[in-house]
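Okay, here's what each chain looks like letter by letter:
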Amino acid sequence: SLYYRLYDTFRGSGVVGRVLKFLLLRKCFHRATRLMTYGSFSEALNVFNFILKIHPGNSDALSGIAISYYEQGKYEEAKKIFLQLIEQEHFEPILLVYLGLCYYRLKNYNSALALFERVSNHRPEDYNANYYTGLCYLALGDKLNAVRSFEKAFKRYFVDTSEQCLDKLLRRIQLSSD
């Protein structure tokens with residue numbers, strides 16, 4: 001691309017090089033997020049890897065790579081990057097939720113549950129954390145805590161159909177125990 005050729009030419013030249021790097025990164029992030037929006041995760045992965053060549057260790061690019069891996073079903077690869085990001089950024093709820101989802105997909109329900117509960121304790125209104133906590137409890141056979149978590153999730157999820165969704169979910173749980 002034109003930005004990259006200009007950046008490559010002016011890389012070591014102070015302000016001009018930094019401005020071109022910024023413009024190139026901005027254009028790349030825009031492209032990568034657009035690709036992810038359209039479900040082109042492997043192409044987005046290529047763009048995020050390109051960003052890392054220009055700006056090594058960029059946490060936004062690493063997050064994009066991890067999410068791309070997750071969306072492609074590469075949960076183990078995604079998990080490694082999410083763990084690395086969490087070490088760097090300490091407590092970022094969205095990273096913990098995605099890491100929990102990786103553990104959930106890998107059927108490591110206890111680890112997933114611990115992460116979802118951690119997010120829920122810090123952000124009790126987080127629908128995803130509460131909902132996925134319920135799924136983990138359900139996978140572990142603890143229907144009582146699953147129902148409590150689902151109720152907590154739907155109680156905070158203000159949509160017209162939340163009561164219908166919860167009722168259907170509770171009926172399915174009850175039918176599976178019969």
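Trainee: Can you explain the overall build of the protein? Please cite residues and give values.
Mentor: Scanning the protein from N- to C-terminus turns up 10 helices and 0 strands. The order of helices and strands in the protein, counted from the N terminus, is α-α-α-α-α-α-α-α-α-α. Relative to its 178 residues, the protein shows a buried fraction of 40%. The contacts in the protein between residues at least 6 apart in sequence include a share of 37% that link residues at least 24 apart. Carbon and sulfur atoms make up 51% of the accessible area of the protein, which totals about 10,700 Å².

Trainee: So, the packing of aromatic side chains: which residues are in play, and what are the values?
Mentor: Inspection of every chain in the model, using the stated rule, returns 11 aromatic pairs. Seen in terms of ring centroids, Y127 and F154 are 5.9 Å apart; in terms of plane orientation they differ by 70°. Their pairing is edge-to-face. Of this pair, Y127 sits in helix α8 (residues 127–139) while F154 sits in helix α9 (residues 143–156), placing them 27 residues apart in sequence. The exposure class of F154 is buried, given its relative accessible area of 8%. Through a chain of ring-to-ring contacts, three or more aromatic side chains come together here, namely F116, Y127, Y131, Y132, F150 and F154.

Trainee: Explain the environment of F41 to me, using residue names and the numbers behind them.
Mentor: Relative to the assigned elements, F41 resides in helix α3 (residues 41–54). Take F41: its relative accessible area is 17%, and that puts it in the buried class. For the pair F41 and G64, spaced 23 residues apart in the sequence, the C-alpha separation amounts to 9.2 Å.

Trainee: Explain the confidence of the model for the protein to me, and be specific about the residues and the numbers.
Mentor: A residue-level look at the protein finds 75% of positions with pLDDT of 70 or above and a mean pLDDT of 82. For the protein, helix α1 (residues 2–10) is the element with the lowest average pLDDT, namely 52, and helix α6 (residues 93–105) is the one with the highest, namely 95.

Trainee: Which residues make up the packing of α6 against helix α7 (residues 109–122), and what values go with them?
Mentor: In contact at an axis separation of 8 Å, α6 and α7 are set at 160° when each is read in the N-to-C sense. The angle between α6 and α7 places the two elements in the roughly antiparallel class. In this structure, α6 meets α7 at a crossing whose hand is left-handed. Side by side, α6 and α7 meet where P93, L96, V97, L99, G100, L101, Y103 and Y104 of the first sit next to Y109, S111, A112, L115, F116, R118 and V119 of the second. Residue composition of the contact of α6 with α7, grouped by class: 12 nonpolar, 2 polar and 1 charged.

Trainee: Tell me about the side chain of S63, and please be specific about residues and values.
Mentor: Note that S63 resides in helix α4 (residues 59–71). We classify S63 as buried; its relative accessible area is 16%.

Trainee: Run through the packing of helix α5 (residues 75–89) against α6, naming residues and quoting values.
Mentor: Where α5 meets α6, the closest approach of the two axes is 9 Å, and the angle between their N-to-C directions is 150°. The orientation of α5 with respect to α6, classified from their angle, is roughly antiparallel. Classified by chirality, the crossing of α6 by α5 is left-handed. Where α5 approaches α6, its residues Y75, A78, K79, F82, L83, L85, I86 and E89 are matched on the opposing element by L95, L96, Y98, L99, C102, Y103 and R105. Looking at the contact of α5 with α6 residue by residue, the class counts come to 12 nonpolar, no polar and 3 charged.

What counts, and where the lines are drawn
Residues numbered from 1 in each chain as written. Predicted model: local features only at pLDDT ≥ 70, side-chain atom pairs only at ≥ 80, totals over all residues. Heavy atoms only, no water. Helix = DSSP H or I, 4+ residues; strand = E, 2+ residues; numbered from the N terminus. Buried < 20%, exposed > 50% of the residue type's maximum accessible area, 1.4 Å probe, protein only. Contact = heavy atoms within 4.5 Å. Areas by Shrake-Rupley, 256 points an atom, 1.4 Å probe, with all protein chains shown as cover. Phe/Tyr/Trp six-rings, centres within 6.5 Å; stacked < 30°, edge-to-face > 60°. pLDDT = per-residue confidence, 0-100. Axes fitted to C-alpha atoms, helices over the stretch in contact; angles between N-to-C directions. Parallel < 35°, antiparallel > 145°, perpendicular 65-115°, else oblique. Left-handed = near helix turned anticlockwise from the far one by under 90°. Nonpolar A, V, L, I, M, F, W, Y, C, P; charged D, E, K, R; others polar.

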